[in-house]
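Breakdown of the fold
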Amino acid sequence: MFVTPGYAQETAPASGDAHGAATPGAAETGAHTEAAADAHGKAGFPPFEPTYFPSQILWLAITFGLFYVFLKKVVLPRIGSILEVRRDRIAHDLDTAARLKEDADAAVAAYEQELADARAKSNRIANEARDAAKAEADAERKEVETALNARLADAETRIASVRASAMKDVGAIAEETATAIVQSLVGSADKAAVASAVKSVRE
Amino acid sequence: MANDPIHQFVINEIVPINIAGMNFSFTNSSLFMVATAVGAAAFLYLTTSSRGLIPSRLQSISEMSYEFIANMLRDAAGTHGMKFFPLVFSLFMFVLVANLFGMFPYFFTVTSHIIVTFVLAMLVILTVVVYGFYKHGFGFLKLFVPHGVPGILVPLVVAIEVISFLSRPISLSVRLFANMLAGHITLKVFAGFVTSLSAMGAVGIAGSVLPLAMTVALTGLEFLVAFLQAYVFAVLTCMYLNDAIHPGH
């Protein structure tokens, strides 16, 4: 199998011919297959065949070299830029999202502040209205009370005067009545004595 | 095709070219090198042509391979190693696509030839050596003298390190080549059993079920190996490049 380079080079063209002849018939009979294998045995193991080393080195250098240059100049910068653009875009979108969230939070805070303000204001208005109504009611009640007191005092004065006049009349009536009684009993009446008597009784 | 597991590795001249007594012919191997390079480049180029912000499935494959190799190189060799990213990525894609093309029936497997993998391995090692000396001068030789080794042992350790360094291109190339070669031969042998058993009548056809199942299983395994060997090649390339960038370790 592991033939020397010189020997392999010598036999290489012959092996190619032998192989070409063996291939079409090989599937039909085992004998041909063995013949083909023998041909390879003589030619050497193909992967160690030095005849084609220069060809393989040359073509590998050409194909791999061009592949390397193409990848380095075109493909890799392109994929790199795609990935970078995506990374930037994601970072940018995350920033935007964070900013929008901050805005939303600020709006919520402002709304709550306004709500608290409005609540305080409404409380104040309600308190003021209640105080005002209370003061008005107090004033009215005072007015009414004053008026009532005045009328009460009036009435009391009138009662007192009526009573006084009535009391004055009581004295005169009692004197007259007593005089009349004394006259009918005694026949004559001393007015002055009656008056003093009535007066003493009354007092 | 002949029922011969070695036949698939034979090189045929398509356009014979002889210069100065050396054979530079355009062969089936050259054809599949061109197919590998053009196929991989076209895939990467066309799938990313829309530059989608939201990638399509195929664009995802290109991006994933990009980030896969980029992370591998960054982990192994640090950010300084990223200047070798085009090289590592090209090697990985070329080897991977060449291996995968080899999985098509009747296709030639470029990486099943030792000279191809050896040239790729030498490319890596020469890059390491040239860059190592360019960057660190003779300081690059510290690579062969590990830290913390007792004075008496230094000559022995240095000898071991030198041998290990010299064996790198061989191990790198032989690993890839041998995996592809052995896998394809095994596959072909089991597939050959199926055809030769089926030719033996009813019993043979019944018996050929086993090698057929084996062939199917091996095909799956070979796809794994095709990817794995490209990955291993790229990982080792990254580690060797790390030596060139940080020889003190």
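Refer to the structure presented above.
Heads up: these notes are all about the structure in this document. All values derive from a computational prediction rather than experimental measurement.

Calculation rules
Residues numbered from 1 in each chain as written. Chains lettered and ligands numbered in written order. Predicted model: local features only at pLDDT ≥ 70, side-chain atom pairs only at ≥ 80, totals over all residues. Heavy atoms only, no water. Helix = DSSP H or I, 4+ residues; strand = E, 2+ residues; numbered from the N terminus. Contact = heavy atoms within 4.5 Å. Areas by Shrake-Rupley, 256 points an atom, 1.4 Å probe, with all protein chains shown as cover. Buried area = accessible area lost by both parts, 1.4 Å probe. Salt bridge = Lys/Arg side-chain N within 4 Å of Asp/Glu carboxyl O. Core = buried A, V, L, I, M, F, W, Y, C linked by side-chain atoms within 4.5 Å. Buried < 20%, exposed > 50% of the residue type's maximum accessible area, 1.4 Å probe, protein only. Polar contact = N/O pair within 3.5 Å; in protein donor to acceptor, adjacent residues only side chain to side chain. Phe/Tyr/Trp six-rings, centres within 6.5 Å; stacked < 30°, edge-to-face > 60°. Expected span 1.5 Å × (residues − 1).

1. Points about the overall build of chain A
Within chain A one finds four helices and zero strands. Traced from its N-terminal end to its C-terminal end, chain A shows the element sequence α-α-α-α. Contacts in chain A between residues at least 24 apart in sequence constitute 55% of all its contacts with a sequence separation of at least 6. Per element, the accessible surface of chain A, about 14,400 Å² overall, is 61% carbon and sulfur.

2. Quick word on the interface of chain B and chain A
Accessible area lost on assembly of the parts is the figure often given for the size of an interface. Taken together, the 55 residues of chain B in the interface contact 38 residues of chain A. Of the roughly 4,300 Å² buried between chain B and chain A on both sides combined, carbon and sulfur atoms contribute 77%. Contact with chain A buries surface across chain B, with Leu53, Tyr66 and Ile115 of chain B losing the most and accounting together for 13% of the total. The interface formed by chain B and chain A holds one salt bridge in total.

3. With respect to the nonpolar core
Residues Phe67 of chain A together with Ile69, Phe85 and Phe89 of chain B are the most contacted members of the largest nonpolar core, which totals 63 residues. When residues of this core are traced back to their parent elements, those giving at least two are helix 3 (53-186) of chain A together with helix 1 (28-47), helix 2 (57-77), helix 3 (85-102), helix 4 (114-136), helix 5 (154-198) and helix 7 (209-245) of chain B. With twelve residues, the single largest contributor to this core is helix 3 of chain B. When neighbours within four sequence positions are excluded, Ile69 of chain B is seen to be in contact with Phe85, Val88, Phe89, Phe92 and Ala234 of chain B. If you look at the next biggest cluster of nonpolar residues, it comprises six residues, including Ile6, Ile114, Phe177 and Leu181 of chain B.

4. Notes on the side chain of Ser62 of chain B
Among the secondary structure elements, Ser62 of chain B is positioned in helix 2. At 2.6 Å, the side chain of Ser62 of chain B forms a polar contact with the side chain of Thr47 of chain B. When neighbours within four sequence positions are excluded, Ser62 of chain B is seen to be in contact with Ile79 of chain A together with Phe43, Leu44, Thr47 and Thr48 of chain B.

5. Quick word on the packing of aromatic side chains
Overall, the coordinates contain 22 aromatic pairs over all chains when judged by the stated rule. Ring geometry for Phe64 of chain A versus Phe94 of chain B: centroids 5.3 Å apart, planes at 90°, classification edge-to-face. Within this pair, whereas Phe64 of chain A is found in helix 3, its partner Phe94 of chain B is found in helix 3, the two belonging to separate chains. Residue Phe94 of chain B is classed as buried on the basis of its relative accessible area of 0%. With centroids separated by 5.4 Å and ring planes inclined at 90°, the aromatic side chains of Phe144 of chain B and Phe165 of chain B adopt a geometry described as edge-to-face. Residue Phe144 of chain B is located in the loop between helix 4 and helix 5, and its partner Phe165 of chain B is located in helix 5; the two are separated by 21 residues in the primary sequence. Its relative accessible area of 8% is what places Phe165 of chain B among the buried residues.

6. A few points about the environment of Ile69 of chain B
As for its placement among the helices and strands, Ile69 of chain B is situated in helix 2. Along the primary structure Ile69 of chain B and Phe89 of chain B are separated by 20 residues, whereas in three dimensions their C-alpha atoms are 6.2 Å apart.

7. Focus on helix 2 of chain B
If you check helix 2 of chain B, its first and last C-alpha atoms are 30 Å apart, about what 21 residues at 1.5 Å a residue would give, namely 30 Å. Against helix 3 of chain A together with helix 1, helix 3 and helix 7 of chain B lie the buried residues of helix 2 of chain B. Where helix 2 of chain B ends, the next residue or the one after it, Gly78 of chain B, has phi of about 75°, a positive value.

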